[in-house]
Amino acid sequence: MTAAPAPKAGAADNAAGLAGGGPRSTPRHVAIIMDGNGRWAQQRGLPRAAGHKAGAESVRRALQAATDNGVEVLTLYAFSSENWRRSSEEISDLTALMRYYLERELKTLEKEKVRLKLIGDYSAFGGELVERLERAVERCADNSRITLVVALNYGSRAEIAAASRRLAAKAVRGEIELPAITEQAIGAELQTADLPELDLLIRTSGEVRLSNFLLWQAAYAELLFLDTLWPDFDEAAFTNALAVYARRQRRFGGR
Ligand code: IPE
Ligand code: IPE
Ligand code: MG
């Protein structure tokens, strides 16, 4: 038995990358758990906020490197649904930084033709920031060079639970039958439904865990855990990560 059922477009593209060095040796979709800002600051005797500020510079560099390398989607974990456990001081430092970054970078996002998309329940950040975020998304809506997805107050389990509730509601209303609740149907209810499959998931700072990020989407992603602290992550680090990815042999359950 050699013939496989015709895979979906995304899977076919990924499978094409199996040979290595093919057109898909570059990941279409890269996600990053940007971790280590606090430790970076601590090592320098600086307040944690200084680490977050330096981390924002890494965001700019990573976006540039992703664009330069032809990555289609860069998804960044900026604030998890568990990050509310931090002190109110740190949370307000982080939201102030988001506001500042948006203000400073929006022109660049427009000029560089970056489409912006948000995932997570960002409404929790309250009026003014939410307005700014939505305005930025709107202004970048027609861009198509790269999609920058920012995960804000994001939790993968909450995302999957919400998707399940929506499908269950449809079933209760009699709009769908139970067999229609397939992997595809669940995937289509996730906030990432319009994005290509996740190919590469990077976490900086030496922690080896997913911290409730893209659990469903990472099913067949290549995982890369780096010791680099996020503020030290630069263009070269991004290019290196792509080189590691290109050497990986993706099998998707085949041999
Ligand atoms: C990641 O850096 C940034 C966010 C979670 C917002 P951390 O703040 O988690 O840095 P460490 O892990 O304490 O070093
Ligand atoms: C994950 O980092 C969240 C973000 C990078 C936004 P954390 O620092 O919050 O994760 P844990 O607490 O080490 O798992
Ligand atoms: Mg951390």
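Right, let's walk through the structure included here. (Residues numbered from 1 in each chain as written. Chains lettered and ligands numbered in written order. Predicted model: local features only at pLDDT ≥ 70, side-chain atom pairs only at ≥ 80, totals over all residues. Heavy atoms only, no water.)

Looking at helix α5 (residues 127-139)
At step 1: An ideal rise of 1.5 Å per residue puts 18 Å on 13 residues; α5 measures up with 18 Å between its terminal C-alpha atoms.
At step 2: When α5 is considered as a whole, its buried residues turn out to be Leu 129, Val 130, Leu 133 and Ala 136. For α5, the buried positions fall inside an angular range of 125° around the axis, keeping them on one side. Residues of α5 that are exposed and point over 90 degrees away from its buried face: Gly 127 and Glu 138.
At step 3: On its buried face, α5 is in contact with α4 (88-111), β3 (114-119) and β4 (146-154). (Helix = DSSP H or I, 4+ residues; strand = E, 2+ residues; numbered from the N terminus. Expected span 1.5 Å × (residues − 1). Buried < 20%, exposed > 50% of the residue type's maximum accessible area, 1.4 Å probe, protein only. Arc of directions from axis to C-beta. Contact = heavy atoms within 4.5 Å.)

Describing the pairing of strand β5 (residues 200-203)
At step 1: Side chains of β5 alternate between two faces, with Leu 200 and Ile 202 and Leu 201 and Arg 203 buried alike.
At step 2: Of the pairings in the sheet, the one linking strand β1 (residues 29-33) to β5 comprises four bridges and is parallel in character. Considered in β5, the bridge of Ala 31 is made with Leu 201. (Pairing = 2+ DSSP bridges.)

Things to note about the site of ligand 2
At step 1: In the neighbourhood of ligand 2, the contacting residues comprise Ile 33, Met 34, Asp 35, Tyr 77, Ala 78, Phe 79, Asn 83, Arg 86, Arg 203, Arg 209 and Ser 211.
At step 2: One nitrogen or oxygen atom from the side chain of Arg 86 is found 3.2 Å from an oxygen atom belonging to ligand 2.
At step 3: For ligand 2, the protein covers 78% of the area, taking 390 Å² as the surface of the free molecule.
At step 4: In terms of residue count, strand β2 (residues 73-80) provides more of the shell around ligand 2 than any other element does, three residues in total.
At step 5: Looking at side-chain class alone, the shell around ligand 2 contains five nonpolar, two polar and four charged residues. (Near = heavy atom within 4 Å. Polar contact = N/O pair within 3.5 Å; in protein donor to acceptor, adjacent residues only side chain to side chain. Areas by Shrake-Rupley, 256 points an atom, 1.4 Å probe, with all protein chains shown as cover. Nonpolar A, V, L, I, M, F, W, Y, C, P; charged D, E, K, R; others polar.)

A look at the pairing of β4
At step 1: With nine of nine residues buried, β4 is to be regarded as a mostly interior element.
At step 2: Both β2 and β4 contribute to a ladder of seven bridges, which runs parallel. Note on β4: the bridge partner recorded for Val 73 is Thr 147.
At step 3: Where β3 lies against β4, six bridges are found, and the strand directions are parallel. In the sheet register, Arg 115 faces β4, and the bridge partner there is Thr 147.
At step 4: For the handedness criterion, the β-α-β arrangement of β3, α5 and β4 is classed as left-handed. (Right-handed = clockwise from strand over helix to strand, strands pointing away.)

Some words on the side chain of Arg 203
At step 1: Along the polypeptide, Arg 203 turns up in strand β5.
At step 2: Looking at Arg 203, its side chain comes within polar contact range of the side chain of Asp 35, at 2.8 Å.
At step 3: A polar atom in the side chain of Arg 203 sits 2.8 Å from the side chain of Ser 211.
At step 4: Ignoring any residue separated from it by four or fewer positions in sequence, one finds Arg 203 in contact with Ile 33, Asp 35, Arg 209, Leu 210, Ser 211, Leu 224, Phe 225 and Leu 226.

Examining the sheet that holds β5
At step 1: The strand order across the open sheet formed by six strands is β3-β4-β2-β1-β5-β6, and the pairing between neighbours is parallel. The open sheet terminates on both sides in strands that have one partner only, identified here as β3 and β6 (222-225). Direction aside, the axes of adjacent strands within the sheet are offset by 20° on average.
At step 2: Strand contacts of helix α8 (residues 235-247): β1, β2, β5 and β6, with the helix running at about 135° to β5, the strand carrying the most contacts. (Axes fitted to C-alpha atoms, helices over the stretch in contact; angles between N-to-C directions.)

Points about helix α3 (residues 48-68)
At step 1: Along its 21 residues, α3 runs 30 Å from first to last C-alpha, staying within 8% of the 30 Å computed at 1.5 Å per residue.
At step 2: One or two residues past the end of α3 sits Gly 70, with phi positive at roughly 80°.

Side note on the environment of Tyr 220
At step 1: The topology assignment puts Tyr 220 in the loop between β5 and β6.
At step 2: Among the residues examined, Tyr 220 registers a relative accessible area of 48% and is labelled partly exposed.
At step 3: Aside from chain neighbours lying at most four places away, what touches Tyr 220 is Arg 250, Phe 252 and Gly 253.

Brief notes about the pattern of salt bridges
At step 1: For the structure shown, the criterion picks out 23 salt bridges.
At step 2: Of the charged contacts in the structure, one is a salt bridge between Glu 90 and Arg 48, with a shortest N-O distance of 3.0 Å. Linking Glu 90 in helix α4 with Arg 48 in helix α3, this pair joins segments that are 42 residues apart in sequence.
At step 3: Exposure remark for Glu 90: the relative accessible area of 10% places this residue in the buried category.
At step 4: Assessed through its relative accessible area of 40%, Arg 48 is described here as partly exposed.
At step 5: Through salt bridges with shared partners, a single ionic network connects Asp 35, Arg 39, Arg 203, Glu 207 and Arg 209. (Salt bridge = Lys/Arg side-chain N within 4 Å of Asp/Glu carboxyl O.)

Geometric descriptors of this kind do not, in isolation, establish any biological role.
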